Amino acid sequence: MFNEWELTGRARTHLLQIDHPRYAIHREVHEPFKAMQDAAQRDGFALHPFSAFRDYKTQLRIWNRKFAGEKPLYDRNGKARDQSVLSLDERIDCILNWSALPGASRHHWGTEIDVVDLTLVPPGYVVQLLPEETQPGGVFHELHLWLDEHIEQFGFFRPYKAYQGGMYEEPWHLSYKPVATLALDALTLELLEQVIAASSLLGKDAVLRRLPELYERHVRNICES
Ligand SMILES: [Zn+2]
């Protein structure tokens, strides 16, 4: 279903480009996502794809800016960390708490959608995508109660529902299971190693040295429901 270029975010041949709002999504995920949006609409929610497909170059830019200290590194609560005290390996671990390795982002597959409902936020509000927004008292709490009840019937699940040593919890990150499962099985350690070895990733040597461990902890280690 995926070739190596599609799996690692270096091709767009698996995607459908949508306008208004503008995003790209896997061809086979478009219909189920639309069905879920329609159901949400009937219950009073405007399910908005805040982020869907993201390509390899964009993920590489995110990684390199974080590695170079040009962007903050956040802790689990979204507070900026003191970067001056971090060792090389700690820096890599902190980036990986929130951002995938380029080539290994599930957003490369077009099967993943970070969802919000912009009609729920007050004017001028900047969406942060933090767990507190989804919890009681948070702007997206009611939306998440609806998602809890309904995503499964449309084939979606939350791979980062809870922190289990890899990514921090990202309840807004929905994944279309039938297609994402195939992608995860096809994304082997060997393929990821090839892509990273050929990349201009900052910290590449340290990442390659630790790749088997990082692959298990950050790629394979997801919540199953
Ligand atoms: Zn996401």
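The name that an unreviewed UniProt entry assigns to the chain is Peptidase M15, with the source organism given as Pseudomonas asuensis.

Chemist: If you had to explain the sheet that holds strand β6 (residues 173–176) to someone new, which residues and values would you point to?
Modeler: Taken together, 4 strands build an open sheet; the order of strands is β3-β4-β6-β5 and the sheet is antiparallel. The open sheet has two free edges, formed respectively by β3 (48–51) and β5 (156–157), since each of these has just one partner strand. Each of β4 (112–116), β5 and β6 touches helix α7 (residues 177–186); the most contacted strand, β6, lies at about 85 degrees to it.

Chemist: Give me the lowdown on the environment of Glu-216, citing residues and values where you can.
Modeler: Its place among the elements puts Glu-216 in helix α10 (residues 211–220). Along the backbone, Glu-216 and Ala-46 are 170 residues apart, and their C-alpha atoms lie at a distance of 35 Å.

Chemist: So what about the packing of aromatic side chains? Which residues, and what values?
Modeler: Summed over the entire model, instances satisfying the criterion amount to 6 aromatic pairs. Geometrically, the ring pair formed by Phe-33 and Phe-156 is edge-to-face, given 6.4 Å between the ring centres and 65 degrees between the ring planes. Of this pair, Phe-33 sits in helix α2 (residues 30–42) while Phe-156 sits in strand β5; the two residues are 123 residues apart in sequence, bridging distant segments of the chain. On the basis of an interplanar angle of 70 degrees and a centroid distance of 5.4 Å, the ring pair of Trp-98 and Tyr-168 is categorised as edge-to-face. With Trp-98 in helix α4 (residues 88–98) and Tyr-168 in the loop between β5 and β6, this residue pair connects regions lying 70 residues apart in the sequence. Since its relative accessible area comes to 7%, Tyr-168 is described here as buried. Note that Arg-10 overlies the ring of Trp-5, its terminal NZ or CZ placed 4.1 Å from the centroid. For Lys-177, the ring lying beneath its charged end belongs to Phe-157, and the centroid distance is 4.7 Å.

Chemist: Run through the packing of helix α8 (residues 189–197) against α10, naming residues and quoting values.
Modeler: It is at 11 Å that the axes of α8 and α10 come closest, and there the two elements cross at 115 degrees. In this view, α8 runs roughly perpendicular relative to α10, as classed from their interaxial angle. α8 and α10 meet at a crossing whose hand is right-handed. Across from Leu-189, Leu-192, Glu-193 and Ile-196 in α8, the residues of α10 making contact are Leu-211, Pro-212, Tyr-215 and Val-219.

Chemist: Residues and numbers for the pairing of β4, please.
Modeler: Within β4, 5 of the 5 residues are buried, leaving the element largely enclosed by the surrounding structure. Of the two faces of β4, the one carrying Glu-112, Asp-114 and Val-116 and the one carrying Ile-113 and Val-115 are both buried. In the sheet, β3 pairs with β4 via 3 bridges, with the strands oriented antiparallel. In the sheet register, Ser-51 faces β4, and the bridge partner there is Asp-114. Strand direction decides the pairing type here: β4 and β6, joined by 3 bridges, are antiparallel. Within the sheet, the bridge partner assigned to Glu-112 lies in β6 and is Ser-175.

Chemist: A description of the nonpolar core should follow, citing residues and the corresponding values.
Modeler: Core analysis: the biggest nonpolar cluster contains 65 residues, and Phe-33, Met-36, Trp-63, Leu-101, Phe-156 and Val-207 have the highest contact counts within it. The biggest single contributor to this core is α4, with 5 residues.

Chemist: Break down the side chain of Ser-199 for me, with residues and values.
Modeler: Structurally, Ser-199 can be placed in the loop between α8 and α9 (204–209). Within the local environment of Ser-199, its side chain forms a polar contact with the backbone oxygen of Ile-196, the two atoms lying 2.8 Å apart.

Chemist: So what about the UniProt feature "domain: D-alanyl-D-alanine carboxypeptidase-like core" (unreviewed entry) in the chain? Which residues, and what values?
Modeler: Within this structure's numbering, the places UniProt gives as "domain: D-alanyl-D-alanine carboxypeptidase-like core" (unreviewed entry) are residues 25–178. For residues 25–178, the helix share is 34%, the strand share is 11%, and the end-to-end C-alpha distance is 14 Å.

Chemist: Tell me about the side chain of Ser-99, and please be specific about residues and values.
Modeler: Tracing the backbone shows Ser-99 in the loop between α4 and β4. Separated by 2.8 Å, the side chains of Ser-99 and Lys-66 make a polar contact. Residue contacts for Ser-99: discarding those within four places in its chain leaves Gln-59, Ile-62, Lys-66 and Met-167.

Chemist: Give a description of the coordination of the zinc ion that names residues and reports values.
Modeler: For the zinc ion, the full set of protein donor atoms is His-107 (NE2), Asp-114 (OD), Asp-114 (OD) and His-173 (ND1), at a range of 2.1 to 2.8 Å. What the 4 donor atoms of the zinc ion show is an angle range of 51 to 150 degrees at the metal, which sorts the shape as irregular. Donor residues for the zinc ion sit on one chain with the sequence pattern H-x6-D-x58-H. Residue Asp-114 is located in strand β4, and its partner His-173 is located in strand β6; the two are separated by 59 residues in the primary sequence. No difference in accessibility class separates Asp-114 from His-173, as the two residues are buried.

Calculation rules
- Residues numbered from 1 in each chain as written.
- Predicted model: local features only at pLDDT ≥ 70, side-chain atom pairs only at ≥ 80, totals over all residues.
- Heavy atoms only, no water.
- Pairing = 2+ DSSP bridges.
- Helix = DSSP H or I, 4+ residues; strand = E, 2+ residues; numbered from the N terminus.
- Contact = heavy atoms within 4.5 Å.
- Axes fitted to C-alpha atoms, helices over the stretch in contact; angles between N-to-C directions.
- Phe/Tyr/Trp six-rings, centres within 6.5 Å; stacked < 30°, edge-to-face > 60°.
- Buried < 20%, exposed > 50% of the residue type's maximum accessible area, 1.4 Å probe, protein only.
- Lys NZ or Arg CZ within 6 Å of the ring centre and 35° of its normal.
- Parallel < 35°, antiparallel > 145°, perpendicular 65-115°, else oblique.
- Left-handed = near helix turned anticlockwise from the far one by under 90°.
- Core = buried A, V, L, I, M, F, W, Y, C linked by side-chain atoms within 4.5 Å.
- Polar contact = N/O pair within 3.5 Å; in protein donor to acceptor, adjacent residues only side chain to side chain.
- UniProt positions renumbered as here; feature names shortened; annotations may be inferred.
- Donors = N, O, S within 2.8 Å, 3.2 Å for Na, K, Ca; no water.
- Tetrahedral: all angles 85-135°; square planar, octahedral: opposite > 155°, others 65-115°.

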